[in-house]
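The chain contents come next:
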Amino acid sequence: MNKFTQLLCTTALTATMTGMAHNAFAGTITDLLSPVTVGPSNTTVVATLNLDGFTASGGTGNLTGVTVTLIDTVAGSFSAQNTTESQLQLYSGFLQNRMSITSQPANLSLPTLIDQSNSTGSHTVGAFSTYSNLNLTGTQSETSNATGSLSDFLGAWSVSISDLGTDSGSNQSGISLSSVNTGKVELDVTYTFTTPVVGVPEPASIALLGAGLAGIGVIRRRRSKA
């Protein structure tokens, strides 16, 4: 092998070795945490939602964004029981579910309060009967994108929530009122990241490799003619 042939071979090898570009691709990881908080009316239930930090690709990726969606789903009912023989017993009621977010990462602006309620006018309950016509149902969600430094999300982090279901009602004597109020909290966290990919040649490196191989081909053709 003469010096020219050796140089072309070396060029081809160099193009192959250095052409492994550190291009990046984007990805997302979603972590859905769905604890259920159940509380009787006028009772506060406190929950801390603990989440794993960003660990994409074994921690080698670069975190570029965090989106958090907080979802509050409530269900409640209000009942009135007439314990007398009268047909003209009246009642009215009100149900409310208040979810307060008391702590979160500093650069995440989730709402401090989600409030859902329902009320009814006055209704008549028949003798020795139970009547339910006030139901609290609904889902409310709030989404926040983290701003500033994302270092809060590289390790375990948490959001603290308190959920309070309340009821109130008025009734004549002989009417017994009762209610049930529940809340379900979901926290949907999406991490967006980029990470390097090894093994994708850059266009310039591909061209260099092609030139080297072409040169080797010319030399082989010259040898075969000789």
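Residues numbered from 1 in each chain as written. Predicted model: local features only at pLDDT ≥ 70, side-chain atom pairs only at ≥ 80, totals over all residues. Heavy atoms only, no water.

A. Highlighting the overall build of the protein. Assigned secondary structure in the protein consists of two helices and ten strands. Reading the protein from its N end, one meets helices and strands in the order α-β-β-β-β-β-β-β-β-β-β-α. Counting over 226 residues, the protein shows a buried share of 35%. Sequence-distant contacts, at least 24 apart, represent 86% of the contacts inside the protein between residues at least 6 apart. Accessible area of the protein: about 12200 Å², with a carbon and sulfur share of 54%. (Helix = DSSP H or I, 4+ residues; strand = E, 2+ residues; numbered from the N terminus. Buried < 20%, exposed > 50% of the residue type's maximum accessible area, 1.4 Å probe, protein only. Contact = heavy atoms within 4.5 Å. Areas by Shrake-Rupley, 256 points an atom, 1.4 Å probe, with all protein chains shown as cover.)

B. The arrangement of the nonpolar core in detail. Core analysis: the largest hydrophobic core is formed by 24 residues, its most contacted members being Val-66, Leu-70, Phe-153 and Trp-157. Elements represented by at least two residues in this core include exactly strand 3 (43–51), strand 4 (62–82), strand 5 (89–103), strand 9 (157–171) and strand 10 (175–201). With five residues, the single largest contributor to this core is strand 10. When sequence neighbours within four positions are dropped, the list of residues in contact with Trp-157 reads Leu-49, Asn-50, Leu-51, Asp-52, Gly-53, Val-68, Pro-105, Leu-108, Asp-152, Val-189 and Tyr-191. Within the second largest apolar cluster, nine residues are counted, among which are Phe-78, Tyr-91, Leu-95 and Leu-134. (Core = buried A, V, L, I, M, F, W, Y, C linked by side-chain atoms within 4.5 Å.)

C. Layout of the confidence of the model for the protein. On average, residues of the protein carry a pLDDT of 74, and 68% of them reach 70 or more. Below a pLDDT of 50 lies the segment residues 1–22, which in the model reaches 36 contacts outside its immediate sequence neighbourhood of four places, other chains included. (pLDDT = per-residue confidence, 0-100.)

D. Focus on the pairing of strand 9. Two strands pair when backbone bridges link them, and strand 3 and strand 9 are joined in this way by nine bridges, in the antiparallel orientation. Within strand 9, the position partnered with Val-45 by the bridge is Asp-163. As paired elements, strand 5 and strand 9 share twelve bridges and run antiparallel to each other. Residue pairing in the sheet places Met-99 in a bridge with Asp-163 of strand 9. (Pairing = 2+ DSSP bridges.)

E. Spatial organisation of the pattern of salt bridges. Counted by the stated rule, this structure contains two salt bridges. Asp-115 is the salt-bridge partner of Arg-98, the closest N and O atoms lying 2.8 Å from each other. Note that Arg-98 is positioned in strand 5 and Asp-115 in strand 6 (residues 113–119), a separation of 17 residues in sequence. Classification of Asp-115 as partly exposed rests on a relative accessible area of 32%. For the salt bridge of Lys-184 with Glu-186, the shortest nitrogen-to-oxygen distance reads 3.5 Å. (Salt bridge = Lys/Arg side-chain N within 4 Å of Asp/Glu carboxyl O.)

F. Spotlight on the side chain of Ser-162. For Ser-162, the location among the structural elements is in strand 9. For Ser-162, a relative accessible area of 17% corresponds to the buried category. Ignoring sequence-local partners within four residues, the contact set of Ser-162 consists of Thr-44, Val-45, Val-46, Arg-98, Met-99, Ser-100 and Thr-102.

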